[in-house]
Amino acid sequence: MNTTGRAPGFLTKSELQEFHTGAAAHAYRTFGCHALPGTTGRRFTVWAPHAQRVALVGDFNGWDIDATPMDRLPDGTWVQTVDGLHDGALYKYAVTGADGQTVLKADPFAAHCETGPATASKGWSLEGYVWHDRSYLRRRAERDVYRAPMSIYEVHLGSWRRPENGLPWYRSVADELADYCREMHYTHVELLPVTEYPYEGSWGYQVTGYYAPTSRYGTPQDFMYFVDTLHRAGIGVIMDWVPAHFPKDAHGLARFDGTRLYECKARMAEHPEWGTLIFDYAMPEVQSFLISSAMLFFDRYHIDGIRVDAVSSMLYLNYARRDGEWTPNRDGGNINLGAVAFLQKLNTTLLTAWPGCMTIAEESSAYPGVTKPPYDGGLGFSFKWDMGFMHDTLDYLELDPYFRKYHHDKLTFSMMYAFSENFILAFSHDEVVHGKCSLISKMPPPYENQFGGLRALYGYMAAHPGKKMLFMGGEFAQFSEWAYQRGLDWMLLDYPAHRQMQAYVKALNHFYLATPQLWEQDTDWRGFEWISHEDNRNNIIAFRRVAKDGSDIVVVVNFSPEEQQEYRIGVPITGTYEEIFTSDKTEFGGSGMANGKLKTENKPMHGQEQSIVLKIPRFGVLFFKGKARAKRRTKAEIEAAKAAAAKKPVKRTRSTKAVAKSGTKAVARTTEKAVAKTGSKSVAKTTEKAVARTGTKAVAKTTEKAVARTGTKAVAKTTEKAVSVPTDKAVTATGGSK
């Protein structure tokens, strides 16, 4: 019995109808290979409406295409059951297509696959894993992802930490990655695609198994362990997911039943840049196939989000095509209306089913409303990568600092559109491959300036509105480009500069998580205000970030190798400003310049009535928290307070008689008790000493003075306290009864 409570041994008309109308969100429960409850049999189901014949072949029948023919249902679905199969049994479908050719096809819905270069599907049950992330999932469902901090660590599993021989396993990397992310204060891991793919050099972006975690790192249950382990460490898991295109591999989806079944039917079936095929998004069965693929990973693998790759290529009919190479839509435009409808349905389905989860678009154009809800005409994504911020900022930092003053707009332009979408500021794997060089290598030399420039970049990203993402290796300033064939250059941590960069990213992440001004209003103008954006000569900008409660911090960023000993900026409150974080600490590789607390001066600047003068280190990123000066009361306010106090009724005090009455009794009682406890010798000794020291006169004088100073009320109070002291000395010294 599966998690739906429905035995998978038979098919119903309703589930097939859902698939054919584009309404299926769990088609993986219908199609593929499923164990029959109470038996050793398995049911195989595949959709191939134009096929002349389909047979099941595998290691159980010697791969004989005549041994196990499948039965065709009226809708073009083919079904067969086989007894005696175990997990790991290899199989394919021998599909004789409409063109008369017989091709061995992998199961489009396979839960597990052979490791490449082999391409067979594996019969596999997804049951049996015991999850331990219930409390994490409960917290996730209650979380508002838009008002929460998010610092994402992008990872390619095969090259994060690569063993000497072969590839890492989901289980072996899980504990180490969870510990590392927790130590570095990342909130999420984003994985390059782990859906099954044949070609290692595609990094997972050419998928043949949309329902199977790649077997190169282990089994489906191993991947469950991976996600579970990160969840127990408090780390979310986002997965890159690729509905934009699929490869032409013969065993895959291409011409599955001898026709263009999954791909576009028109001349635009092929992607001109990548040599891959494009899905027909307007086709209901394709919608059911893709949405169910994404749903599976939320449902059975507990992932927290998907990042949809290459959305722009889906949206535009003329993407990477010249005039005459594309067919306009029904309105004569260049928007793929089928893709728009598919993306709206995808996001609505997933985000309705899984509160607290997210969908992220890699969309590089100015297409409007990517993160607006579909009912408002948007695509419905939770977030969109801010490609403009990434390109402009890196273009600016690649310039020699002297020439940056002529390109200051590249720093500031992102704020023109920062709140038009819900953005993630992403420095991804795409920026450190194919000759683009690593992030630190983009910074102009000399060596120390490269590290300073990278610290400035990371600090600016932390302070800028938007969630954060950094590709692995960037946190310790790897110099070489990323290469999928080998692990990261962890040996660089033997060198102080790289160790200091890692310490900086760790501290910066921690500061970001603890500072709500940096993330509570990421999608709202109320969360940001410029202080100074015009000092292009010095490569310096300053701005405020504001939390929901109105509290703010002031951020100053210097992209120049020149320090400023006396730099004035306007600030919003009168009082003191304390430096609460700086990129220039010596443990981060900086000079150690610090500001401490700065008092405001009544000198207007930058539209504010007061200002502060600060020191700015070279490539420094500084964060200040203001504290308002307590308001001095005027003479009139003081007099009014006195008058109000005078009007208050005076509390009645105990009379002298009462003191006398209670004092004598209490003293008598206390003295008797004390004598009983300590013995008469002790009392005598103490009394003699006290009298010898002070003399009768002194005692009398002290008593008189005390009465004169404090009045009867105070004496009464003091007497009550003093009577509890068990010696004549205490009674005499405070002026009580003798």
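Now for a description of the structure that goes with this document. Just so it is clear, the model here is predicted, and its values are computed rather than measured. (Residues numbered from 1 in each chain as written. Predicted model: local features only at pLDDT ≥ 70, side-chain atom pairs only at ≥ 80, totals over all residues. Heavy atoms only, no water.)

### Section: the overall build of the protein chain
So, step 1. A count of helices and strands for the protein chain gives 16 helices and 27 strands.
So, step 2. Within the protein chain, contacts between residues at least 6 apart in sequence are counted, and of these 71% link residues at least 24 apart.
So, step 3. With the model as given, the accessible surface of the protein chain reaches about 32,500 Å², and the carbon-plus-sulfur share is 53%. (Helix = DSSP H or I, 4+ residues; strand = E, 2+ residues; numbered from the N terminus. Contact = heavy atoms within 4.5 Å. Areas by Shrake-Rupley, 256 points an atom, 1.4 Å probe, with all protein chains shown as cover.)

### Some points on the nonpolar core
In globular proteins that are soluble, nonpolar side chains generally tend to be buried together.
So, step 1. Membership of the largest hydrophobic core comes to 183 residues, with the highest contact counts inside it found for Tyr 153 and Phe 226.
So, step 2. Within the second largest apolar cluster, 15 residues are counted, among which are Ile 569, Tyr 577, Ile 612 and Leu 622. (Core = buried A, V, L, I, M, F, W, Y, C linked by side-chain atoms within 4.5 Å. Buried < 20%, exposed > 50% of the residue type's maximum accessible area, 1.4 Å probe, protein only.)

### Points about the sheet that holds strand 15 (residues 305-308)
So, step 1. Read around the barrel, eight strands follow the order 10-11-14-15-16-17-18-19 and close on themselves; strand pairing throughout is parallel. Taken pair by pair, the neighbouring strands of this sheet meet at an average axis angle of 25 degrees, ignoring direction.
So, step 2. Sheet topology places strand 17 (residues 383-385) next to strand 18 (residues 423-427); two bridges connect them, and they run parallel. The residue of strand 18 that forms the bridge with Trp 385 is Ile 424. (Pairing = 2+ DSSP bridges. Axes fitted to C-alpha atoms, helices over the stretch in contact; angles between N-to-C directions.)

### A word on unusual backbone geometry
So, step 1. The omega angle of the peptide bond from Gly 116 to Pro 117 is 10 degrees, so this bond is cis rather than trans.
So, step 2. Topologically, Pro 117 is positioned in the loop between strand 8 (112-113) and strand 9 (121-122).
So, step 3. For the peptide bond that leads from Pro 445 to Pro 446, omega is 10 degrees, which places it in the cis range.
So, step 4. The residue Pro 446 is located in the loop between helix 10 (439-442) and helix 11 (447-463) in this model.
So, step 5. Positive phi, close to 60 degrees, is recorded for Trp 63, a residue that is not glycine.
So, step 6. Residue placement: Trp 63 occurs in the loop between strand 3 (53-58) and strand 4 (71-72).
So, step 7. Although it is not a glycine, His 434 adopts a positive phi angle of roughly 55 degrees.
So, step 8. Mapped onto the secondary structure, His 434 falls in the loop between strand 18 and helix 10.

### Section: helix 4 (residues 220-232)
So, step 1. The terminal C-alpha atoms of helix 4 lie 18 Å apart, and with 13 residues this matches the ideal 18 Å at 1.5 Å per residue to within 8%.
So, step 2. Counted residue by residue, helix 4 has 12 buried out of 13 residues, so it is predominantly covered.
So, step 3. Taken together, the buried positions of helix 4 are Pro 220, Gln 221, Asp 222, Phe 223, Met 224, Tyr 225, Phe 226, Val 227, Asp 228, Thr 229, Leu 230 and His 231.
So, step 4. Gly 234 occupies a position one or two residues after helix 4 and carries a positive phi of about 85 degrees. (Expected span 1.5 Å × (residues − 1).)

### Observations concerning empty space enclosed by the protein
So, step 1. One pass over the structure, following the stated rule, counts two cavities of 30 Å³ or more.
So, step 2. Along the walls of the largest cavity sit 13 residues, with Ser 151, Met 461, Val 505, Leu 508 and Asn 509 positioned nearest its centre.
So, step 3. For the lining of the largest cavity, the leading source of residues is helix 12 (residues 496-513), giving four residues.
So, step 4. Here the residues of the lining of the largest cavity sort into 10 nonpolar, two polar and one charged.
So, step 5. Considered as a void within the structure, the second largest cavity measures approximately 110 Å³ in volume.
So, step 6. Taken together, 15 residues form the lining of the second largest cavity, with Val 432, Ser 438, Met 472, Gly 473 and Gly 474 sitting closest to its centre.
So, step 7. Broken down by class, the residue content of the lining of the second largest cavity amounts to nine nonpolar, five polar and one charged. (1 Å grid on protein atoms, 1.4 Å probe; cavity = no way out; pocket = protein on both sides within 12 Å on 5 of 7 lines; lining within 4 Å. Points joined across faces, edges and corners; volume = space filled by probe spheres on them. Nonpolar A, V, L, I, M, F, W, Y, C, P; charged D, E, K, R; others polar.)

### A look at helix 12
So, step 1. The end-to-end C-alpha separation of helix 12 is 26 Å, in line with the 26 Å expected for 18 residues at 1.5 Å each.
So, step 2. For helix 12, the elements touching its buried residues are strand 10 (151-155), helix 3 (170-183), helix 11, strand 19 (467-471), strand 24 (575-582) and strand 27 (621-628).

### Overview of the sheet that holds strand 2 (residues 42-47)
So, step 1. An order of 1-2-5-4 is seen for the four strands of this open sheet, with the pairing classed as antiparallel. Whereas interior strands pair on both sides, the edge strands pair on one side only; in this sheet they are strand 1 (32-35) and strand 4.
So, step 2. Sheet topology places strand 4 next to strand 5 (residues 77-82); two bridges connect them, and they run antiparallel. Paired with Asp 71 across the two strands is Val 79, which belongs to strand 5.

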